Amino acid sequence: MADPRFFSSSGPQRLADIAAVAGAQFEGDGERRFTGVASLQSAGPDDVSFLDNRRYAPLLAETRAGAVVLAKAFAGQVPSGAVALVTAQPYLGFARVAALLHPPVQPRPGIHPSAVVAPDALVGEGTEIGPCVVIGAGARIGAGCILHPHVTVGPGVEIGEGCRLHANSSVSHAILGRGVVLHPGARIGQEGFGFAPTPDGRFETMPQLGRVLLGDFVEVGANSCVDRGSQGDTILGPGTRLDNLVQIGHNVQTGRGCVVVGQAGIAGSTTLGDYVTLAAQAGVAGHITLGTQVRVGAQAGVMHDVPPKLDVIGSPSMPVREFWRAMARWRKLGTERDG
Amino acid sequence: MADPRFFSSSGPQRLADIAAVAGAQFEGDGERRFTGVASLQSAGPDDVSFLDNRRYAPLLAETRAGAVVLAKAFAGQVPSGAVALVTAQPYLGFARVAALLHPPVQPRPGIHPSAVVAPDALVGEGTEIGPCVVIGAGARIGAGCILHPHVTVGPGVEIGEGCRLHANSSVSHAILGRGVVLHPGARIGQEGFGFAPTPDGRFETMPQLGRVLLGDFVEVGANSCVDRGSQGDTILGPGTRLDNLVQIGHNVQTGRGCVVVGQAGIAGSTTLGDYVTLAAQAGVAGHITLGTQVRVGAQAGVMHDVPPKLDVIGSPSMPVREFWRAMARWRKLGTERDG
Amino acid sequence: MADPRFFSSSGPQRLADIAAVAGAQFEGDGERRFTGVASLQSAGPDDVSFLDNRRYAPLLAETRAGAVVLAKAFAGQVPSGAVALVTAQPYLGFARVAALLHPPVQPRPGIHPSAVVAPDALVGEGTEIGPCVVIGAGARIGAGCILHPHVTVGPGVEIGEGCRLHANSSVSHAILGRGVVLHPGARIGQEGFGFAPTPDGRFETMPQLGRVLLGDFVEVGANSCVDRGSQGDTILGPGTRLDNLVQIGHNVQTGRGCVVVGQAGIAGSTTLGDYVTLAAQAGVAGHITLGTQVRVGAQAGVMHDVPPKLDVIGSPSMPVREFWRAMARWRKLGTERDG
């Protein structure tokens, strides 16, 4: 059960409406009402639950959930009294049910008196500017946004409609599309890491004169960093999602729908095609290219270009199949006896 | 010597009192006074020092410290003129002496006029709310806390007695026990990394409807992140300590007294028993279980369940003994000549 | 072209002046004017570009740049109509041209009315204190600094002349030299990770009574962390640069001009000589010493002392040459057939 101190509820919803948002078929009384969502183990008769991973299928027999979103293959295992909500995409369907029953927070339009908004900044209609937010000269914030406390928006920044900038995040030298989400402490648009050594052993900063462009619906995780370009821009394609503590160097460019999991990093001037995924703590060197749908394993270190659709792992990385074969033999080195 | 600009002093303390807090035996004048603590190399006659690591034992002969907290085995090596403070736990004893001579900062009760506290939020007795702190609707802050500048506390959050929230940290969707410490920039309770792909190649966010529960005396390091649960809660057991830049995914649960060193990460829905330790930059995959007192080596990558009390290392991880044997043979590949 | 919303321009500059700051020789009309800088691919006739990496030399033939800073060896390949600006240090020369054409932001002296500055804090002449900055009791800020929004400066902190503290960064228990830069969200001076286990299974914090000393022109990247010393100080030598999300443990000391790339970490009490470089995601264990000019490869894990000028890589690390030989043989394990 979602804690009502933290999550609003839309009140009881009709099964027919729930099935509609889930894109699911069901048998039974469409007027039956449900109030919440929960896991198979903790759900009660007024909750909707889901099954997406076949390893959890054994939990179906004992669930007390009133309804379960799942694939057709498992529909027969739902206990009597529970409704099977059958769909080809149970995870997506359940996400939509959860959002129906617990709608996301909406902006409370207005600018908090403690916020510091430059006189020439533009704030769109219906946007909420929270306490202690600071917005620099000439910045433009779209309609329907929420800027949470202690957000810093630098001069000239443009933010599209419906964005969410969470507490203590900062953005400068950047243009954000629609529906962009910055989680708490995310850092967007700061100077990249570039400097020239001098003959007498000092470093001089290379001016970083580019920007960050975040496509529509990009999300940047808590305390993650996206540096602005040096010449030219750092670009995250539409729908790209970064988890927490991710590092994106200057002039990186990603395609559409890339996914970068926690603590992974991409060094400067590297290019990712569409739908590339980096697992946790992976690293990608600078000035290389990863093709469409490449998948990089956890803790991998990628030093060279990777062709489309290849899965790589290891540090330095290699194709997954070769890695596991080598690793199996390597493990033997640790268990077999000498000669 | 602790710099008086940054650390208060309780003034000279009697040797007898120092020995009492250290739980140590000594010979000599219990009225002798000491004013500070310092390392063996930098201590002077008015300072108390300590020896905990035998590799530093050779420094004893030349220390100018007035007293040294140490184990019985080394007491004979203390120079004449210095007092041996003998205890079975020298490191713990010294920690208590240091806290006696330089007491931790205490709250200066009150709410700074620049803070923004929701009218229905509750702030406990003796609590200090610093400049530019923002506290959301319905939040409850216990007695004797300090909230440093620019802390953001979201709506409905509960914080126990005696907590310390350091500068620029943020917490939402969370319940904190007593004595919890959030170091600067720590991020608690933000949305976990969960989304469902749609048939047309977009991602939809899975509503994250759980909370973060931090047990008594949990500490979270600077810029570390603890995501809230998706269904159900993310839970850190009492006394668990996270170093800086650590990532804790949604629905992780740890037991009592776990230790996670800098830049390590734990993926979603993984469970740790009591007193598990993760060394720096280690990573643990999601949906697995690490038993009580498991120790994970630096930079290790754990992909499967680990039984209690096993030490593992490597990426992917394996038992320590096997790892080092395999590594020794692997290194030979780098040094021996071909065939 | 630098976006004028984010970067100021000094207006057209004479070729003679550009060459002078670049330390470059040229042939042609010193009165010709240039307005911007850009990459070889995107530059136009009014832009200065550069060539530093021989792999990009083929781009010279087709560039539309009006002038190119480069080494003598490539001067002959500059298209007719473009000016070759010949220097032994093209990257450094170009950095200075870029700074001439797009001068860095200068402080707008004054204290924003929303800032909270302790009555006994000192703020130097010409320094800009931005919105919602908080400065603690007894702190001293040098002349010509910029403190961006939501910066927290703790009590007693000293900051030298010409420093830049970017948005949402925090500093306590620290003394900063001249020209220090803290990027957004950097955390300086918080408690290190030290505690003593008690016999009954709790942890007690070891008071962290040291400071952080940042030498002149040190830079700390976005969301990076530098913990203060426990006894004694954590010290970063002059000119040392940390990239984003870097972790520096208590009592680490670095020499002059060290470079630590993104997501790398150094555990407590380790010492680095001058000009040591750590590549991305590398880790260095505590209580060890890395000699002058040591270079640590990406994702390496250094567990033992490294003598000066040695390059190491791997986890655990070994000399580079040995690593690659072993790795080549290891890869064979993944590709060759059994028996």
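Everything quoted here is computed from the prediction, not taken from an experiment.

1. Focus on the sheet that holds strand S30 (residues 259-260) of chain B
Residues and elements named next belong to chain B.
- One open sheet holds the 12 strands; their spatial order is S7-S10-S13-S16-S19-S24-S27-S30-S33-S36-S38-S39, and the pairing between them is mixed. Every other strand in the sheet has two partners, leaving strand S7 (110-111) and strand S39 (318-319) as the edge strands with one partner each.
- The sheet contact formed by strand S24 (residues 219-220) and strand S27 (residues 241-242) spans two bridges and is parallel. Note on S27: the bridge partner recorded for valine 220 is leucine 242.

2. Some words on the interface of chain C and chain A
- Counting residues at the interface gives 60 residues for chain C, matched by 69 residues for chain A.
- The junction of chain C with chain A conceals about 4900 Å² of combined surface from both sides, 61% of it contributed by carbon and sulfur atoms.
- Joining chain C to chain A, the criterion identifies three salt bridges.
- For glutamate 158 of chain A, the salt bridge goes to arginine 5 of chain C, with nearest N and O atoms at 2.4 Å.
- The tally of links between chain C and chain A comes to 22 residue pairs in polar contact (both at pLDDT 80 or more).
- Sort the elements by how many residues they give to the side of chain C that touches chain A and helix H3 (residues 320-335) of chain C lands first, with eight residues.
- In terms of residue class, the side of chain C that touches chain A is built from 30 nonpolar, 18 polar and 12 charged.

3. Brief notes about the domain arrangement of chain A
- The domain architecture assigned to chain A consists of domain 1 (13-101) and domain 2 (169-322).
- One C-alpha centre belongs to domain 1 of chain A, the other to domain 2 of chain A; they are set 38 Å apart.

4. Points about the relation of the copies chain C and chain B
- Once chain C is rotated about the relating axis by 120 degrees and shifted along it by 0.0 Å, it coincides with chain B to within an RMSD of 0.0 Å. Both copies of the chain, as the preceding transformation shows, are related through a three-fold rotation axis.
- When the interface residues of chain C are mapped onto chain B, a mere 19% of them again fall at the interface, so the copies present different faces.

5. Some words on the UniProt feature "active site" (unreviewed entry) in chain A
All names here are of chain A.
- Feature annotation in UniProt places "active site" (unreviewed entry) on His250, given in this structure's numbering.
- What histidine 250 contacts, discounting residues up to four positions off in sequence, is Gly192, Phe193, Gly194, Gln208, Asp227, Arg228, Gly229, Ser230, Thr234, Gly268 and Ser269.
- Here the side chain of histidine 250 touches glutamine 208 through a polar contact of 2.7 Å, side chain to side chain.

6. Observations regarding the interface of chain C and chain B
- The partner chain B presents 59 residues to the 69 residues of chain C that form the contact.
- Summed over both partners, the interface of chain C with chain B buries about 4900 Å², with 61% contributed by carbon and sulfur atoms.
- It is Phe193, Leu209 and Arg329 of chain C that lose the most area in chain C upon contact with chain B, and together they represent 15% of the buried surface on that side.
- In this structure, glutamate 204 of chain C engages arginine 96 of chain B in a salt bridge whose closest nitrogen and oxygen atoms are separated by 2.4 Å.
- The interface formed by chain C and chain B holds 23 residue pairs in polar contact (both at pLDDT 80 or more) in total.
- At the level of secondary structure, the elements contributing two or more residues to the side of chain C that touches chain B comprise strand S18 (174-176), strand S21 (195-197), strand S22 (203-205) and H3 of chain C.
- For the side of chain C that touches chain B, a count of residues per class yields 30 nonpolar, 28 polar and 11 charged.

7. So, the packing of helix H3 (residues 320-335) of chain A against H3 of chain C
- It is the contact of H3 of chain A with H3 of chain C, at a shortest axis distance of 7 Å, that shows an interaxial angle of 105 degrees. The orientation of H3 of chain A with respect to H3 of chain C, classified from their angle, is roughly perpendicular. Residue-level contacts link Glu322, Phe323, Arg325, Ala326, Met327, Arg329 and Trp330 of chain A of H3 of chain A to Trp330, Leu333, Gly334 and Thr335 of chain C of H3 of chain C.
- In the contact of H3 of chain A with H3 of chain C, the residues fall into six nonpolar, two polar and three charged.

8. Quick word on the pattern of salt bridges
- As enumerated under the stated definition, the model contains 42 salt bridges over all chains in all.
- With a shortest N-O distance of 3.2 Å, arginine 202 of chain C and aspartate 200 of chain C are connected by a salt bridge.
- Beyond isolated ion pairs, a larger network of salt bridges with shared partners links Asp3 and Arg5 of chain A together with Glu158, Arg211 and Asp233 of chain B.

9. As for the environment of aspartate 227 of chain B
- Relative to the elements of secondary structure, aspartate 227 of chain B occurs in the loop between strand S25 (225-226) and strand S26 (234-236).
- The exposure class assigned to aspartate 227 of chain B is buried, which follows from its relative accessible area of 1%.
- In sequence terms aspartate 227 of chain B and glutamine 77 of chain B are 150 residues apart; their C-alpha atoms lie 50 Å from each other.
- Ignoring sequence-local partners within four residues, the contact set of aspartate 227 of chain B consists of Asp243 and Asn244 of chain A together with Gln190, Glu191, Gly192, Phe193, Val212, Thr234, Gln247, Ile248, Gly249 and His250 of chain B.
- Within the structure, aspartate 227 of chain B has its side chain in polar contact with the side chain of glutamine 190 of chain B (distance 2.9 Å).

10. With respect to the packing of aromatic side chains
Residue and element names in this part refer to chain C.
- Within this structure, the stated rule accounts for 19 aromatic pairs over all chains.
- Ring geometry for phenylalanine 50 versus phenylalanine 94: centroids 4.3 Å apart, planes at 20 degrees, classification stacked. Placement of phenylalanine 50 in strand S4 (residues 47-50) and of phenylalanine 94 in helix H2 (residues 90-101) is noted, with a sequence separation of 44 residues between them. Of the two residues examined, phenylalanine 50 and phenylalanine 94, each falls in the buried class.

Conventions adopted
- Residues numbered from 1 in each chain as written.
- Chains lettered and ligands numbered in written order.
- Predicted model: local features only at pLDDT ≥ 70, side-chain atom pairs only at ≥ 80, totals over all residues.
- Heavy atoms only, no water.
- Pairing = 2+ DSSP bridges.
- Helix = DSSP H or I, 4+ residues; strand = E, 2+ residues; numbered from the N terminus.
- Contact = heavy atoms within 4.5 Å.
- Buried area = accessible area lost by both parts, 1.4 Å probe.
- Salt bridge = Lys/Arg side-chain N within 4 Å of Asp/Glu carboxyl O.
- Polar contact = N/O pair within 3.5 Å; in protein donor to acceptor, adjacent residues only side chain to side chain.
- Nonpolar A, V, L, I, M, F, W, Y, C, P; charged D, E, K, R; others polar.
- Domains from an automatic or database assignment.
- Least-squares fit on C-alpha atoms with pLDDT ≥ 70 in both.
- UniProt positions renumbered as here; feature names shortened; annotations may be inferred.
- Axes fitted to C-alpha atoms, helices over the stretch in contact; angles between N-to-C directions.
- Parallel < 35°, antiparallel > 145°, perpendicular 65-115°, else oblique.
- Buried < 20%, exposed > 50% of the residue type's maximum accessible area, 1.4 Å probe, protein only.
- Phe/Tyr/Trp six-rings, centres within 6.5 Å; stacked < 30°, edge-to-face > 60°.

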